[in-house]
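Below, each chain spelled out in residue letters.
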Amino acid sequence: MESLLARNRSAVLVAAVVLPLVVSGLLGLTRHHLTNAVAALVLVLIIVAFAVLADRMAGLLASVASAVGFDFFLTAPFDTFAIDKRDDIVLAILLVAVGAGVTEIAVRGRDQHASAQRRAGYLTGMMAVARTSLQPTLDPAEGTRAVADQIRLLLDCDSCDWVSGSPTADMVRVDLDGSATLDGKRYDILRNGLPSQRHAAIVVPHCLAGAGYFRITASTKVVTPSSDQIDAAVLFAGQLETKGAHPHA
């Protein structure tokens, strides 16, 4: 659904302007049988539909278009942008205000739902890693591959693999507390994203078989992970330390 809207966003935005105006015009034909309060509620339903099914911009456009259509077709003097009655002025203002409020609530609710789904995915990945690392006959290489695969999927990067030893100075070093540095200076992954001209390394320093790191490559695409993704990635890597995996080259 979201991908379909993204591909047709221009058409959705045009519809967010046109549909409220058309509906206002149709309501104007029956204005002698409907109160303006009822007409305003109909327009609010259209605003809610665009806010819930599309995005913030569509909801706001529908709000403004509804207010314009309400003013032009449904308030006296009709077919002008003048409004004589104080109650109609209040209704027109409320259309915009309620529309903007409903749009913001819908967008935030959708964002929270998407965030909850992402966190559920992180938890599923964590449980998969934990189950793998708890296997009594676990091959160390299998454990590191399982974690590397989860980090690659999580960050949507080109590749992720386990390397024994310490990362080189030209890598962005990410420690298990989530902090990132480059050449000893703080590196803001949330703002700058994963480096495209060098590797990033999530370091696991206290494995029983020696230290190592997950080498992350993102050279063919721009990868700007969220704080949740970074936290989940270091938690995945930390499974090797907390579960006692024995990584080696």
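Criteria and cut-off values
Residues numbered from 1 in each chain as written. Predicted model: local features only at pLDDT ≥ 70, side-chain atom pairs only at ≥ 80, totals over all residues. Heavy atoms only, no water. UniProt positions renumbered as here; feature names shortened; annotations may be inferred. Helix = DSSP H or I, 4+ residues; strand = E, 2+ residues; numbered from the N terminus. Buried < 20%, exposed > 50% of the residue type's maximum accessible area, 1.4 Å probe, protein only. Contact = heavy atoms within 4.5 Å. Expected span 1.5 Å × (residues − 1). Arc of directions from axis to C-beta. pLDDT = per-residue confidence, 0-100.

Novice: Now, about the UniProt feature "transmembrane region" (unreviewed entry) in the chain: what can you tell me, with residues and values included?
Specialist: Look at the UniProt record and you will see "transmembrane region" (unreviewed entry) annotated at residues 12-29, 35-53, 60-83 and 89-107. Counting secondary structure, residues 35-53 comes out at 95% helix and 0% strand; the distance between its end C-alpha atoms is 28 Å. Regarding residues 89-107, the helix share stands at 100% and the strand share at 0%, and the terminal C-alpha atoms are separated by 27 Å.

Novice: Please set out the environment of leucine 27 residue by residue, giving values where relevant.
Specialist: Among the secondary structure elements, leucine 27 is positioned in helix H2 (residues 9-29). Judged by relative accessible area, which is 10%, leucine 27 ranks as buried. Separated by 42 residues in the primary sequence, leucine 27 and glycine 69 place their C-alpha atoms 9.7 Å from one another. Contact partners of leucine 27, with chain neighbours within four places excluded, come to Leu34, Ala39, Val42, Leu43 and Leu74.

Novice: Mind laying out helix H3 (residues 36-53), listing which residues take part and the relevant values?
Specialist: Helix length check: H3 (18 residues) gives 26 Å between terminal C-alpha atoms against 26 Å at 1.5 Å per residue, within 8%. If you check which residues of H3 are buried, you get Asn36, Ala39, Ala40, Leu43, Val44, Ile46, Ile47, Phe50 and Ala51. Along the long axis of H3, the arc covered by the buried residues comes to 160°, so they all point the same way. Across from the buried face of H3, at angles greater than 90 degrees, the exposed residues are Leu41 and Leu45.

Novice: I'd like a rundown of the confidence of the model for the chain, residues and numbers included.
Specialist: With 80% of its residues at a pLDDT of 70 or more, the chain shows a mean pLDDT of 81. Per-element confidence in the chain is highest for strand E2 (residues 172-174), whose mean pLDDT is 94, and lowest for helix H1 (residues 2-7), whose mean pLDDT is 53.

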